[in-house]
Structures are given as C-alpha cells and as structure tokens.
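# Coordinates in review
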Amino acid sequence: VLFVEKMAVTWKELAVVEGSFASDGWQELTLHSSPTEGHTSLKRLGGGVPFRGSGSTDSATRNRFLIWRAVDGCLELIDISLDASVHSNGVRIQFGSCRYLPGGISITETRNGVNLLVSTSSHVHRFTLPEPTAMMPGEPSGVSMESAYASVLSLFSDPAVMPDYATVEVHWSGNSLEPHAASTWSSPNGDAWFALASLDGNIRVVFLPADSDGRAVQFDLKQTSMMQRLWSGLVPLAMRGSSVSVDAVSSVCLQEIGGDLYALAVCRDLKLRIWSLTSQECVETADLSLFILNDKGVQPSEDQDHVIFSAKGQNSDSVHSFALYLSFADTAQVSVVSVNKSPSGHLLVHLETNSIVQSQNLGKLLDLTSCGSNLFGLWLTETGHQLYHCSSKSSHGWLSVDWDDTLDSGFEVIPAEEPREAYLDHIFKTEKFSRHVIVKALQLFVRTAGRNLLEMPINELRSQVSIAVENQVQKEASSFEIQHEEYRQLQLVCWSRFLEGCKQYAKMDSEPLGLFEDPETGLLCVVKKASISFIRPCERLESTFTHQLSLLDGQSQADGDDASRIVSCAHVVREQMVEQGWSIDLSVSSGEVVQQVEGIAHIILCHSRTPGVTGETALQHLSKKLQGICSLPRALCSLIELLDGNQQSLDDGSDDGTDVARRLVCGQLFSSRLGVDVLSRAFTQTVEVRLSLCISLAVVTQLAVSLKQKVGLSLSAVGQLLSDVLPRLVTLSIAYHSLQWISEQGRVHTSTNAVEANLSHLAALNLSDMVPTRPQQSELPLSLLKFFLSDVGGRLLRLMLMQSCHLSPSLLTEKCPYWSVGLPVAVSTLLYLLWPEKQELVFGEFLMAQCQYAPLQLYLDLMASLSPDCTGTVCFLRGQSFLHCGELAKAHYWFMKAACSLDEPCLLKMASEDGSEITRMGYYMKLMRMYEQVSASDLIVQVTSAALSDSSVDNENMPTFWSGKFKHLLELNDLEGAYTAMISNPDPVRRKDCLRRFIVVLCEHGRVKELCSFPYVGLQDEVVSLIELRARSSDLSAGVYYDLLYSFHVTRRSFRRAAFTMYEYATRLARELNDLQSLQKQGKCYLAAMNALRVVEKQSAWIVRPAGWDVGTATRVQAAKRSRRRRQTERKGHTSRPSVHVIEITELQKEYSLVLARLKLVQHVPDLVTGDKRTLPAEETLALLVQAGLFDMAMDIARMFKLQFDTIFEALTSRCVKLSMNSNAEREDWEWLSWNDSIKNSMTKDLSSVAEQAWQMLQLYQRQVPSFGMEVVHAFHNSVARRLLFLGSVLPQWLIDSYLRHFPSELLQLYLQFNLLNEAGTLALGYITAVQGRGREYYGLKNAVHANKPAVYLPFTVIEQLVVALEGASPGSTEYELAEMLQEHLSQYNMVIDSVNKDVVDYRKTAGRLKLGSFGSKR
C-alpha cells in the first residue's frame, strides 16, 4: 500500500491522540433501524478514504482524508488533513442496535459529492455529502507560508446542511441465513450498489440509483441446480442439518473492471467466483487451491474465513489486483491475484505474489490492505493487536511494524520531586492521554459522573484531578497526623493508581478497527477506537539498528557491510544496556560522559553475557563481529557522517528522493495541528533511535579500544578512535539528547503581563521580527517541539524545503509521495534546522520570542555541556533569560560578554544603528532601551560608561550616552556624578535638557540646598531662565520653583532679584489661586521680599515691575488709571513706549497688610470671605473688617491706605449702643472684642460686661486718634457723636469733654440738629462764659476775649437760632428759662464785646499816634 524506496523495509507507528484531530463540534443524525434478532454483539469497524487529488501539488484536498469508525451502533465520520486544521469536522450517525457487516462501509467521491454507503444486517444506507471545500479560498494550495495552523471548513461545517440519505430494507427469503459479509460500490454518477453475502451461498444485491426519486432494485446471485433450489425453498431450515453451504461465500468484493461491475466472491470451497451484476450470472470461476503453497493442511479454519480485498495500487480500467487471505486450521497465506478483461470480454485470473503466514502466531485477521508490492495486515493476537507487512521485492518475509510504546514507558518520581506535580505533568503535559481518557479515569476514580467534564477547561480539569487524588490520599491516611515519608508513599500509591487507570482507558481507546491507505501519497493509517495512528517508513539506519537488516552505503558494498556489522554490535550493546537497566547521564560535560562510557564497557567485558547467545561471553561475541570489519575507524566515520545532523542531506541518500524532494510544493505542508503532531512524533522517534545508536556506538568504540589487537586494531587505529571517533560520538550523543529534550519538554504557560513585557524588550532590541505573528489559542499543552513547529519553526522548515525544491509549472500537475518521501525529508530538514552545533540557534531565539525563559535556561545548559565555549548568541540568550527572571546582575554580565561577538546573525540587528554599519554603539544603545524598561538604572550607568570608554570623541552617540548616564545617575541619587555627566555632555541642547531635569528632580525631592550648592559654571543664566520658566508654567500650589529661585538668588547675594521673585510669586498667587493656603503664601512672599530689600542699601531698596503686568491689589487701581490714560493718549494719535514701575518697601508693606487683613477675615469670619472676596481692594476689605469686628486691623488699613475712618467709628459706636441696650451678652460679642489687640491688652476685671469693654475700646480709640491727625480726630468725634445721637443714646461724658476741647461749636450744632435744646442751651451758656474767660480750658480756647489777644470764635448765629428755638417754649419751662439766661448772657457778652472793641479802637488810635510821632521825629 505504501510507495516505498528500496531501503525503506521497516515501518513504525506514529500514535496520535484524539485531541489533534477530534471534532470541535459534532453534528448528530439518528436513524431508527429495526434491531436484528439473535445478535446482541455489534461489529466494530474502521477505515478511511483519501480525497481525490490528495497527492497533487495544486489540489485543494492535498493530504486530506476522511476516516470513519463504527462502534456500538454509532458511525462517526471525521474530516482531517495534514496540511490544514479542519473545523466542525465530525458527524455522528446513530443506527441503533443493528450489526455492521465487514466490508459493508465505503466512502467514494462522485461527480456531485461524496457518497457514504453503509450495509447492516437488515438495511442498506446511502448518504450524500457535499464536496470538500478548498484549503485556502482564493489562494493556490501550497503557496502561502505565513500562518501556522491554516484552517479550512469541513464537509460538515454548515449545521443547516445535513447529509442526504436513503435507506432500503433488505428482503430475505424466510429460509435464508443472515448476511455475514458485504461489499459496496459507488459509480461516478452516484449510483450505489450493495452486495450482502450469507453462509447459505446467497449474495443479495441492492441497487440504489443516483436519482433520489428512483426505486431500489434487489436481486440474488446464486449458482445452484434446480434440486438445490427446491430443497432450500421447501424444506425448513431446522430440518436440513448444517445450514452452511459447501460453496458458501466467505467474502465478497464489488469492483468495476473494463467498464462493467463485478462481484468477486471467495467461497468456502476455495473457489473465486466472479459475478457480472449486469447479467446476474457467474462469468468466471478460479480454483484457489492451485495457489496454495503448503497443501498438507488445507482444513478450513473455524475462527477465520477467507477474505478478499481490493488492491488500490497499480490498477487500470481493464486490470485490477486483489489480495486473498486464505485461512486454514494450521496455516494461512496471502495471495495477490490480478483480474484482467480480454478484448473478447473474458476475465482472466493471474497469480502475482504468494506468501505464507503462520496463522497460529498471528491470530485473527482484522484488516488487510495492499498496494503495489507491499501488503499490510492487522491481526488480533493473544498479546494484543499486531501489524505486519510484506513486500514482494524483499526476501525478509512478514515483518512486524513497531508499535508506538509510549504508554508502556516507565515513569518514576525522583526524591526531589513532589509526587502530585510530577504525576500531573506526566498526565497532562506529555500528551499521552486525551481529555476523554483523563475524564473517564477521573470518573472511575471518584465513582461519580459529576458535571460534563469534557467541556471543562484543561486547567480546571487538572485541578479536579488533583483534588480527587488528594481526597483519596486523605481517606487512606491512618490518622490526621502522619510522617512526611508515609504521606509521600500514600501519594505515590494513589497517583500511580490513577495513572494506571489512564493507561487502561488509553489502551482501550487504542483498539485498532481497520486500515486505510492513500496510494498517491504513500500514507498508511490505522483507525482506532478513539484515535488514529500513522505508519511511517523507517530510515535505513533505524532499520539496520532495530531489525538487524543490511545497510548499504552509497560508496561501496564493503563499507556498507562494515557499517552493518558495527550497527549489529551496537544493537547487541543496546540490548545489554536495556536488560541491565544501564543509562548514561548526558546533561554533564563530554569528559564525564566518556568516563561513563568507559565504565559501561568495562562492565560488559567483565561481567555480562551476550543476550540470546548461550555459552558465549560478550568478549567472544563482539570479537567475532569486530574481527570481520576491514577498517573500523573508517566505518565508524561513515556512520558518524550519517548521524551528523549538521551535514544531513535533504535527499536522505535515497535513489529517487532527490528528484521527489525537488517536486515537493512545501507551502502548508504538515502545517495543521495533526500534521505538526505527526511531524514532531516522527522527529522524536528518529532522535530517540539515533541517540540510542550513538550511545551504543560509543560503547562499541570503547570496547574495540579495550580489545585492541584481539579485533585487529593497530595503534594508529586505536589512537584515531580515542582522539577523533569516541569524542565525536559523545558529542553527537549530547546533541541528540538536547533534541530529545526539545521534543519532550512541555511548554510553560506564561502570564499576559510577562508576554507583554517580553514583547516590549524585543522591540527595544530591534528584534520585532521575532515576535510571534499570533498568540497560541490552543488549550491543550504543547511540547516545545510542537510549539516551535506550529509557529516560526514550521515556516522555516517549509521555507528550507521550498528553497531545496526547484519547481516548474509542469511539475504542479504531477503526483508527489508526500508521506513516504516527504515525511522523511521533512524530518531530516527539521533535524538540520534544530541541530544544536549550528551557530544560528533558531530554537533558542524562538524560546526567547515566546517568553519561554525557564525552558530556555535548561536548553542553554544543554548547549553548555555540548560546547563550553559560549557564542555571542548563547551569551545574549542567557542574559535575556536572566533578565526575565529578575537576576539583573547576571543578565548584564552575559549581555556584556555577548558584545564581543556582534557578527552573529541574532546580534546583527542589535549591533546595527538604523541599518548603518555594525558597531558596539548600536548594541549598547539597545541595551540601554531594554534596561530602561526594567528600571535598571545601575546597569544603564555601567552600559553608558562602557560605551563612552569604547567610543571616540567625535562619535555621534556621545551626547546620547552622556544624557543616559546623567539621567540614571540622577535616579540613583548620585548628584555629583549626574552633575559631572551633565557638564560633560558636548551637545548644548541635551545639556540644557539635562539641566532642566536636574532642577526638576531636585525640586521635587526638596533638595534645594544641594541644588544651590553646585557652581553651574557657564550655566547660571540658563539655570535662572529654566527655573523661571518652570516656575511660571508649573502648579502654584506647591511653589517649589519660586522658593528655589529665591534661594538661588539669596545664595548668590542677588537680593533684589530674590525680592522680585517673591513679589512675582505673591502676585500670581493673588491672581490665580483663591484659597487660604494662597493667602498664607502671599503673606510669606511679601515678608520675604521686604526682608530681601531691607538688606540692600536704602537708595537701592526697590524692584522694577513691567508695565501692564497684573500685580497686587494695592496698585491695581493705579494701574487701571494709568491704563485708561494710555488708551486715551493712543486715541489722540500719540504712542507711548512701554514703561516700568518702581516698587518700594512701602508698597510691599501695603500689600502685606491687605493679605494679613484677609487672613484675619478668613480665620475669624470665613463666611464673609468667599470666592473672589479674598482679592478685594482695600476699601472693600476695610468694610469687611468693620463688619467682622476687626477694628484694629481696619484702623491700620485705613491709616495705611488713607481711607475714611468714619465707617470704623460708626460701626464700633453702633456695637456699643447695641450691647448697652442688650443686657445678655453672647459668646460672639466677646469673640470680636478678643480679636482686637488694643482692647484685649487693656481689659480689666473692673469692667465685667461686654458693653463696658466695648465702650472702653471706643474710649481707647479716642485717645489714639490724635496721633492720626486732626482730620481723624474730627472724624472720630463727629462720627461717634452723630451715631450716638442718631441711635437716641446719650453722649458719654468723656466724649462730651473731648468734643468740647476740640470742636465745641460743632457739638453745639449737633445738639441743635438733633433738637437737644436743653443740652445745647447748657453748652451755649458755658461756651459764652468760656469766651469771656471763665472755664475756657474746658472748651479748648487758648485765650478769652481781650483787646490785646487774638480773636475768639463764638457761633453767634447758632446761639441766636438756639435762643429762637428756646423762646418758643412755654413760660415757666426749663427751655424758656434757658432762653432768658441766654439772652442775659448774650447781653453781657455784647457788653464785653463793646468794651473790648472800644479798648481795641483806643489802643489802635494810641498806637497810631505813637507811630506817627516817631515817624515825624525821625523825619
């Protein structure tokens, strides 16, 4: 069945678990067939069929096939492909309790679709499926190589489209036996033929036309006499005796030959009868007894019938081959016959091959398939199922196919491992067990079905298994407290029990059901109960080593014989090592491996017996084999050349492999999930065999060295073996051990954050092309090899195959043996791709790109044992793995070590600067970027230091490295080093950037003292400029930069600039912020500005404010007036130059007072100061102070800004009156009094009431106002008196006395205005008397009315108005009496005035005469 090259004479199974091809969504179809009476057991069958064009390079169905499994009344169809993952690829058809007939199920492609024909014991069925979809819509097959798991839709992808089917019940006569064999045939146009054979000799034929409306036709094929027909028709079955006819049909096969359809039946009488379905007659009978090789025992077998199979090999329209399995009691044989149709229409039967099979050893035949010169048979033996093969071109006879024994491999937990994790990893990560097997084992272990575990995520299923086994451990524990060793033993027992359950279910699911082959590609597949297996051809070295077959070399027969003898010796050594359980640790250095080899060779020579050779020692047996070798070193060198994966030829040494390999179209080849599993498993088996061969050859070499002259070795040959051959074999063993580790090591699941961090690292290193094209979505665990093949490894493999294949358009229409030749070539190419001795570590780079750093470290350790001298790529990969694990110091060591080998492919991109020449500077630059992502400032400093020491002065990257060094020295708090790096930067732009960063960082950390301590040679102006710019653009709530700038100026004794900085800060705070903190900072700023100016000489104690700059509140009104005048001037056509304004300490003092006043308001009465009121001008601030009761502060503001005091005095007077009228004082009344320092400091215990304290405060102001000037004194008396009189209160005596001393006439007018006639009359009387000289000191008069004194003012008009008002009173009243008294005093006053006036006149006359006399005498 397989297209096999000459040396491919052995085969091996590739077992694949169900998860690689199982359907991700099943369609269900149920048929209700009537059960068959008398049959309770159901036949289990399996098979498959390749799609048309599976071996064509331009076909959409290349390497694609359909398998079927009939188990327990359910027929499963699965659409799978080796080149593309097929989605929704399964359908289940439930037939009920019917019995499937052997050979009665077939699948055939027709013109309109795919026909599925099913024959059961009572019905026949035809299902019509749609045509297979294209692999890559709109893209030719075999071209695209961009994606890993290419996906296509299956035949069953559309849930709405169920298979069309037709069912026909088979009508048997009442005396007929049930059918036991069947065959089906589908014509190209869709007609279906069914042939059902029974043991009574009948063949029931059912014909279903392609037209769904057509009626089925049934008829019998039987060649009997008339008496036989009467006997079977009239005599009941129970009365006939034996029901089995002598010519009963054992097996039947439908086949079209020469355009006609025939039924070929192998009968129990050893006759091959050929029936024409057209004429319903037997047209040919061949006697098979003529083909029997051993005619001694031809008794029929009771357990096995004769079987006929159609050979799908080299057939034509008129010639077809068939394989006949003839089973007898003691023996069996397989004959291949050809049936050809002559031009006259007669059928001729010719024997092609004949071979004997020992049936007692093989057991019962389950399936047989043939193609060309190769036969494959599947037997059920006492020890299990066995698959054998035989070739007419080989003299080896029937050879067994090596089963994949992964389930039988031992598993041990080393003492250092935790049993639970070890067993979980073995069960879930080795991919030996499918999800279905694990779920069944779990359900058996816990004895419960539970919820649907099959749909559970794999991680959750792992947790469920762990919980179940741990619960069982706790149940079996003798007590709650046990020793650690006892608990470990319980764990091992329970976990081994669960593992054994998984193995048992896996073996049950691995039950073979049938074979199917693809003649175009050379594919052979074993369909199992819940999985499938592929049979691959073994390479010549593997065939020689495992089956002791001859090995032919390409150079000469002698060399081939020598190599075969050496491999035979290696086989003996391997058997000895397996029997004794010897192994070699290949994870150590090559020297230690050589010592282990020497130890094993010594034990074999001294203590071992040769397996299978009785009475002969190993020394004697191996000596015989080695003595026949002409040149042992040359033969070993030829084997080493074959084993060297770095020199592996893609043609693999086959005769026609080169031509076939060049015709492969490799795009998407083996790129499906199933194809990846198959390729990785084939690679693993090849590596395991070669590893075992290398170790065995090393032991054989050491044995030959030990035997020396006994095997005919010269001293030069011994020296060559020790110096060249043995070290190379050890190196090859370590290399294959690393490849075996790759194929067995599981992928590590990494978190999303780790993957993203890794991607950013690769991008920083300019290795973005290594980033995977897409994340792996598969939930199943993958080995590293499968992971590699499903991503970049698969693309590289197909690219290498493509480059080795010189395609032409004419080759695209030819057939290619993708399996028999393509798979070995792909394995050989993959071996070359992953060979660890190559300089390009593609696999290591892949692990780095996929964030698999834990496996990467193990892989690099294996590389270290292979070669102690690390290449630049190995050093870089080690550094990257340590960086991911957080060991930054180790990572930096390896990164710097890799800098010595920048010419390697992996490091070329990192060493080049934007495509320019390769230098270390580019490598250092990318290391800096990567270190920045992990915040490794200390490492960046080391990298930049190394770069600066290696680079020249004129290197364009110097500023970048200086900047990087500065930045990270600053992060490390090394201020001296950062300052030095900043000053050393040759680029002024970068230097300024560094300076800006230096200032910002130190300000943020409050390092103002350190910042101001540096000299900044040549950078002082830039420092000031940067700080000012930063201060004006940063958040004012912190004010760090203004404080820094003030400190910087003070440190350099620039006090005026320091004062201006604080002034600017205060004005910006007033303009931009509006909170308590802002007011407090404003006050501090003004104090700092005033302090700075006070240090300067008095004539220089000023600062300059630019014109138009919005500043403090004190000067805002003046600025507004100047702005209005400037606009008016501009309207008149005059232009003015920008001016500056000089601000002195007094103006700063005013602003500080306003801020202090607002702070007082916010502190005591926050409700009055909200929003914009915190930036009100002085007038409004004064009003708020008065309203709040802060009279002392209000007095200061009014005095400083020259505002009116009336509001202050009136408010305080009103409070006094109110408090006097209210005898119950409240807490608030005491509070506002305590806010004023003047009354707070003068409070006495004698004044117990708040009203008294308020009046005391008003009286204190009366004593203070003279220092403010007479205008304020006048305002005080007038405001207080008017307010008191307005409120109807009596003027206090101290106020009257003070008022009389300062403004008596004004007080008289007030009395008169408020109609206080009595008080006015009394005041007028006293005033007139004081003018005349009595009590004038009480009225503030300096002198009385006197001739030689200055004139004295008396408000005569006011007094007359008072007199008039008093005279209006009734006689006898007080007012009337006051009027009379005033009249009397006025009369006296007039008399005094007349007298004084007369004296004045006389005096002036006398003085005039004296002046004239004096003048005359002088004259």
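Residue positions are counted from 1 within each chain, in the order its sequence is given. Local features in a predicted model are, by the rule used here, given only for residues with pLDDT of at least 70; side-chain atom pairs are given and counted only at 80 or more, and totals for whole chains, interfaces and linings are based on all residues. Hydrogens and waters are ignored; side-chain quantities use all the structure's heavy atoms.

## Details of the overall build of the protein chain
Operational definition: Here a strand is any run of E in DSSP of at least two residues, a helix any run of H or I of at least four, and the numbering for each starts at the N terminus. Relative accessibility thresholds used throughout: buried, under 20% of the residue-type maximum; exposed, over 50%; partly exposed, between the two (1.4 Å probe, protein chains only). Should any heavy atoms of two residues lie within 4.5 Å, those residues are considered in contact. Each accessible area value is a Shrake-Rupley result obtained with a 1.4 Å probe; residue values ignore everything except the protein chains displayed when judging cover.
Helix and strand counts for the protein chain stand at 47 helices and 33 strands. In the protein chain, which comprises 1419 residues, the share counted as buried stands at 53%. Intrachain contacts of the protein chain at a sequence separation of at least 6 include 64% that bridge at least 24 residues. Total accessible area on the protein chain is roughly 63,900 Å²; 51% of this is exposed by carbon and sulfur atoms.

## Focus on the pairing of strand β30 (residues 523–528)
The cut-off we apply is this: Any two strands with at least two DSSP-identified bridges between them are counted as paired.
Among the 6 residues that make up β30, 6 are buried, leaving the element largely enclosed by the rest of the structure. Of the two faces of β30, both are covered, the one formed by L523, C525 and V527 as well as the one formed by L524, V526 and K528. Both strand β29 (residues 512–518) and β30 contribute to a ladder of 6 bridges, which runs antiparallel. Along β30, the bridge assignment pairs P512 with K528. The hairpin turn running from β29 into β30, its antiparallel successor, is 4 residues long, and G522 in that turn takes a positive phi close to 80°. Bridge analysis of β30 against strand β31 (residues 532–537) gives 3 bridges, and the strand direction is antiparallel. From the neighbouring strand, V527 faces β31, where its bridge partner is I532. Remark: 3 residues form the turn of the hairpin made by β30 and β31, two consecutive strands paired antiparallel.

## Some details on the side chain of S1298
The condition is simple: Two N or O atoms form a polar contact when they lie within 3.5 Å of each other; inside protein one atom must be a possible hydrogen donor and the other a possible acceptor, and for residues adjacent in sequence the pair counts only when both atoms belong to side chains.
Of note, S1298 is situated in helix α43 (residues 1293–1302). Using a relative accessible area of 0% as the deciding quantity, one classes S1298 as buried. Within the structure, the side chain of S1298 is placed 2.9 Å from the side chain of Q1262, a separation counted as a polar contact. For S1298, the residues in contact, after removing those within four places along its chain, are Q1262 and H1277.

## Overview of the packing of aromatic side chains
Remark: the centre distance and the inter-plane angle together describe each pair of aromatic rings, the angle taken between the planes. Rule in force here: Between the rings of Phe, Tyr and Trp (Trp by its six-membered ring), a pair exists once the centres lie within 6.5 Å; its type follows the angle of the planes, with under 30 degrees stacked, over 60 edge-to-face, and the other angles tilted. Put simply, a charge is over a ring when the Lys NZ or the Arg CZ is close to the ring centre, within 6 Å, and near the line of the ring normal, within 35 degrees.
Taken as a whole and assessed by the stated rule, the structure comprises 40 aromatic pairs. With 6.4 Å between their ring centres and 50° between their planes, Y979 and F998 make a pair best called tilted. Of this pair, Y979 sits in helix α27 (residues 975–984) while F998 sits in helix α28 (residues 988–1004), placing them 19 residues apart in sequence. Just as Y979 is buried, F998 falls in that class too. Centre to centre, the rings of Y1299 and F1303 are 6.4 Å apart; their planes meet at 90°, and the pair counts as edge-to-face. Since its relative accessible area comes to 0%, Y1299 is described here as buried. Assessed through its relative accessible area of 17%, F1303 is described here as buried. Just above the ring of W894 sits the side chain of R878; from NZ or CZ to the centre is 5.5 Å.

## What about the sheet that holds strand β16 (residues 217–221)?
Counted only if it meets this: Convention adopted: a line fitted to C-alpha atoms gives each axis, helices being fitted over their contacting stretch, and angles between N-to-C directions are expressed from 0 to 180 degrees.
On the basis of which strands lie adjacent, the open sheet formed by 4 strands has the order β13-β14-β15-β16 and antiparallel pairing. At either margin of the open sheet sits one strand with a lone partner, and together these are β13 (179–186) and β16. Put simply, the sheet's adjacent strands are angled 20° from each other on average, direction ignored. Relative to strand β14 (residues 192–198), β13 runs antiparallel, the two sharing 7 bridges. Bridging from a neighbouring strand, A181 pairs with A197 of β14.

## Considering the nonpolar core
Formally: What makes a nonpolar core is a set of buried Ala, Val, Leu, Ile, Met, Phe, Trp, Tyr and Cys residues whose side-chain atoms join them at distances within 4.5 Å.
Membership of the largest hydrophobic core comes to 210 residues, with the highest contact counts inside it found for F534 and F998. Of all the elements, helix α13 (residues 673–707) adds the most residues to this core, at 20 residues. When neighbours within four sequence positions are excluded, F534 is seen to be in contact with K12, E13, L14, V16, F65, L82, L523, L524, C525, L674, V678 and W819. Core analysis: the second largest hydrophobic core is formed by 87 residues, F1205, L1258, L1260 and Y1339 among them.

## What to know about helix α37 (residues 1191–1201)
Among the 11 residues of α37, 9 are classified as buried, and the element is accordingly described as predominantly covered. Every buried residue of α37 is listed here: F1191, D1192, M1193, A1194, M1195, I1197, A1198, M1200 and F1201. Taken from the residues just after α37, K1202 is the one with a positive phi, measuring 55°.

## A look at the pattern of salt bridges
What counts, and what does not: We define a salt bridge as a side-chain nitrogen of Lys or Arg found within 4 Å of a carboxyl oxygen belonging to Asp or Glu.
The tally for this structure, following the rule as stated, stands at 38 salt bridges. Among the ionic pairs, E418 bridges to R420, the shortest N-O distance being 4.0 Å. With a relative accessible area of 26%, R420 lands in the partly exposed category. E1010 is the partner of R1007 in a salt bridge, and the nearest nitrogen-oxygen pair spans 3.2 Å. Salt bridges linked by common partners bring E418, R420, E421, D425 and R462 together as one network.

## A look at a nonpolar patch on the surface
Heads up, the condition is: Without a salt bridge and with relative accessible area above 30%, a residue can belong to a patch; like charges are then joined within 9 Å and nonpolar side chains (Val, Leu, Ile, Met, Phe, Trp, Tyr) within 5 Å.
A cluster of nonpolar residues, V1104, V1140 and V1142, forms a patch on the protein surface that exposes about 230 Å² of accessible area. The residue V1140 is located in strand β33 (residues 1140–1144) in this model.

## Quick look at the packing of helix α35 (residues 1145–1164) against α37
For any two helices packed against each other, the geometry comes down to the angle between their axes and how far apart the axes lie. Worth spelling out the cut-off: In what follows, roughly perpendicular refers to angles from 65 to 115 degrees, roughly parallel to angles under 35, roughly antiparallel to angles over 145, and oblique to any angle outside these ranges. Should the near helix be turned anticlockwise from the far one by less than a right angle, the crossing is left-handed, and should it be turned clockwise, the crossing is right-handed.
Two elements in contact, α35 and α37, have axes separated by 10 Å at closest approach and are oriented at 155°. By the angle class used here, α35 and α37 are roughly antiparallel. The two elements α35 and α37 meet at a crossing, and its hand is left-handed. Residues Q1149, K1150, S1153, L1154, L1156, A1157 and K1160 of α35 pack against M1193, I1197, M1200 and F1201 of α37.

## Observations regarding the side chain of N758
Following the sequence through the fold, N758 ends up in helix α15 (residues 752–764). Apart from residues lying up to four places away in sequence, N758 is in contact with M848, A849, Q850, C851, Y853 and Q880.

## Overview of the confidence of the model for the protein chain
For the record, the criterion: Within a predicted model, pLDDT stands for the predictor's per-residue confidence, ranging from 0 to 100.
For the protein chain, per-residue confidence averages 80 on the pLDDT scale, and residues scoring 70 or more make up 82% of the total. Between residues 37–41, whose pLDDT stays under 50, and residues either more than four places distant or in other chains, the model counts 4 contacts. Note on residues 610–615: pLDDT under 50 across the span, and 13 contacts to partners over four residues away in sequence or across chains.

## A few points about the pairing of strand β2 (residues 26–30)
Side chains Q27 and L29 of β2 all project onto a buried face; the interleaved residues W26, E28 and T30 project onto a face where none is buried. The pairing of β2 with strand β7 (residues 90–94) spans 5 bridges and is parallel. Residue pairing across strands places E28 opposite R92, the latter belonging to β7.

## Comments concerning α13
Here is the rule: A helix's residues, less one, multiplied by 1.5 Å, set its expected span.
Over its 35 residues, α13 extends 50 Å from the first C-alpha to the last, a length consistent with the 51 Å expected when each residue adds 1.5 Å. Of all 35 residues making up α13, 31 are buried, and the element is well covered by its neighbours.

## Describing unusual backbone geometry
Positive phi, normally seen in glycine, also occurs at N63, with a value near 55°. Residue position: N63 is located in the loop between β3 (45–50) and β4 (64–71). Judged by relative accessible area, N63 falls into the buried class, the value being 4%. Phi is positive for S935, which is not a glycine, with a value near 55°.

## Concerning the sheet that holds strand β8 (residues 100–109)
Taking strand neighbours across the sheet as the criterion, the 4 strands line up as β8-β9-β10-β12 in an open arrangement whose pairing is antiparallel. Each having just a single partner strand, β8 and β12 (164–169) make up the two edges of the open sheet. Within the sheet, the average angular offset between the axes of one strand and its neighbour, ignoring direction, is 10°. Where β8 lies against strand β9 (residues 114–120), 6 bridges are found, and the strand directions are antiparallel. Residue pairing across strands places T108 opposite N115, the latter belonging to β9.

## Some thoughts on the environment of L77
By the secondary structure assignment, L77 is in strand β5 (residues 74–81). The exposure class assigned to L77 is buried, which follows from its relative accessible area of 1%. As a C-alpha pair, L77 and F156 span 79 residues in sequence and 9.4 Å in three-dimensional space. Not counting the four nearest positions on each side in its chain, L77 is found in contact with W26, I67, W68, N89, G90, V91, I107, L116, L129 and F156.

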